[in-house]
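So the chains spell out like this:
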Amino acid sequence: MKLFQCQSCNQLVYFENTHCVRCGMALGFLTEIATLSALAADANGMWQPLALPGRSYRSCANASHGVCNWLVPADSPDPLCQACALNRTIPDLTIATNLEHWRRIELAKHRVVYAALRLGLPVTPQRDEGDGGLAFDFIADTSLAFPDAEPVRTGHDNGLVTLNIVEADDAERERQRQQMAEPYRTLIGHLRHEIGHYYEQILVVGPERMQRCRELFGDERMDYAEALERHYRQGPPPDWQARHVSAYASSHPWEDFAESWAHYLLIIDALETASAFGLRIDPAVGDDPALSTTIDVDPYRPQPLPALIDAWLPLTYAANALNRSVGQADFYPFVLNHEVVAKLDFVHGLVHGQALT
């Protein structure tokens, strides 16, 4: 994620901010230029962004719930911004915990949509089932209170991403993380993973891409339900780390692709943040030149993947050491071996439209 500054007073501001803490100016995100802008209200009650003089906008309708700071062109017929327009279902907001859970989910989802827009990926709301668009159902699970109700399962189905909003509860998410023996379980990670299924569906098309995808991830035509049942019954193969970025990635080729996609988005978002802060990694001991680097890269710009990996690995070593110093789990508890990097390179090629043969 980039850093932003208030165009009124030059104060550093962040992606989720709605007001500048120094001058008090309202802030809103402009998708056209991927910038957080200071806003001045005009006589018609519209916003005039300082970053785009002469243009008029209004706040997304979901701003009234405190879940969105994105802007909508004043002449748009849609009351919702590009990110919120993807929602098909939101939870019952008369329940206070639902509102807080939804707020946390939207903060994560807006970051994921930001990444998709920066990469130039299609972000089209699904109007009808199977029309090739993307939609989100954020649903509260009532199966405990109502035994006849179907439990809400987080997943993807033909462009529709469903998320059980209990994932926004830190204690419950940690319980599930431990139960599933996962080193990482985050809201943004869930959303990155699930849209990975969607983008595989619309980007891995044609015989050449499909063949290369099967060479890297395996044959997706194997029985999915049977593969997941076996994974949860037996666990991952003992050598899964030699071929997969996570244990869950070993369960089925579709999950391998989605996990690789999620890790790719994690890497480029974190690299953009590190670059925005001008971080330099220069260990005080040792003589390995691969561990020293200045993070000065725009990871959303088309470039060879090794340039990103060369910046990413030193950052993870330093960040993991920092986390251990303050008693936290590793920042990035994963291993990027040769096979995993090849899969990331495939994803990298997909998002930048390269030929993959």
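Below is a short write-up of the structure. (Residues numbered from 1 in each chain as written. Predicted model: local features only at pLDDT ≥ 70, side-chain atom pairs only at ≥ 80, totals over all residues. Heavy atoms only, no water.)

Some details on helix α5 (residues 224–234)
Helical geometry: 3.6 residues make up each α-helical turn, so side chains three or four residues apart lie on a common side.
So, step 1. Those residues of α5 that fall on the buried side of the exposure criterion are A227, L228 and H231. On an axial view of α5, the arc spanned by its buried residues comes to 95 degrees, and they lie on one face. Seen from the buried face of α5, the exposed residues on the opposite side, beyond 90 degrees, are A225 and Q234.
So, step 2. Where α5 begins, one side-chain oxygen reaches toward the backbone nitrogen of A225, 3.3 Å away; that side chain belongs to D223.
So, step 3. Positive phi appears at G235, one or two residues downstream of α5, with a value of about 85 degrees. (Buried < 20%, exposed > 50% of the residue type's maximum accessible area, 1.4 Å probe, protein only. Helix = DSSP H or I, 4+ residues; strand = E, 2+ residues; numbered from the N terminus. Arc of directions from axis to C-beta. Polar contact = N/O pair within 3.5 Å; in protein donor to acceptor, adjacent residues only side chain to side chain.)

Things to note about the side chain of D256
So, step 1. In this structure, D256 sits in helix α6 (residues 253–276).
So, step 2. Using a relative accessible area of 1% as the deciding quantity, one classes D256 as buried.
So, step 3. Each residue touching D256, except ones within four places of it in the same chain, is listed here: L216, F217, H244, A249 and K343. (Contact = heavy atoms within 4.5 Å.)

Remarks on the packing of helix α4 (residues 207–217) against helix α8 (residues 338–351)
So, step 1. Axis separation between α4 and α8 bottoms out at 10 Å; the angle between their running directions is 155 degrees. By the angle class used here, α4 and α8 are roughly antiparallel. In this structure, α4 crosses over α8, and the sense of that crossing is left-handed. On α8, the residues that touch R209, R212, C213, L216 and F217 of α4 are A342, K343, F346 and L350. (Axes fitted to C-alpha atoms, helices over the stretch in contact; angles between N-to-C directions. Parallel < 35°, antiparallel > 145°, perpendicular 65-115°, else oblique. Left-handed = near helix turned anticlockwise from the far one by under 90°.)

Regarding unusual backbone geometry
So, step 1. Non-glycine residue A34 carries a positive phi angle of around 50 degrees.
So, step 2. Examined against the element boundaries, A34 turns out to sit in the loop between β3 (26–30) and β4 (35–41).
So, step 3. A relative accessible area of 11% places A34 in the buried class.
So, step 4. In this structure, N158 takes a positive phi of about 55 degrees despite not being glycine.
So, step 5. Mapped onto the elements, N158 comes out in the loop between β10 (155–157) and β11 (160–164).
So, step 6. Of the residues examined, N158 reaches a relative accessible area of 34% and is grouped as partly exposed.

Concerning the side chain of S37
So, step 1. Inspection of the secondary structure puts S37 in strand β4.
So, step 2. With relative accessibility at 0%, the residue S37 sits in the buried group.
So, step 3. Of note is the side chain of S37, whose polar atom sits 3.0 Å from the backbone nitrogen of A51.
So, step 4. The residues contacting S37, other than those within four sequence positions of it, are Q7, A26, L27, G28, L30, P49, L50 and A51.

Quick look at the packing of helix α7 (residues 305–325) against α8
So, step 1. At a minimum axis distance of 10 Å, the contact between α7 and α8 shows a crossing angle of 125 degrees. By the angle class used here, α7 and α8 are oblique. Crossing hand, α7 versus α8: right-handed. Note on element contacts: α8 touches α7 through V341, L344, D345 and H348, opposite L305, L308 and I309.
So, step 2. Looking at the contact of α7 with α8 residue by residue, the class counts come to five nonpolar, one polar and one charged. (Nonpolar A, V, L, I, M, F, W, Y, C, P; charged D, E, K, R; others polar.)

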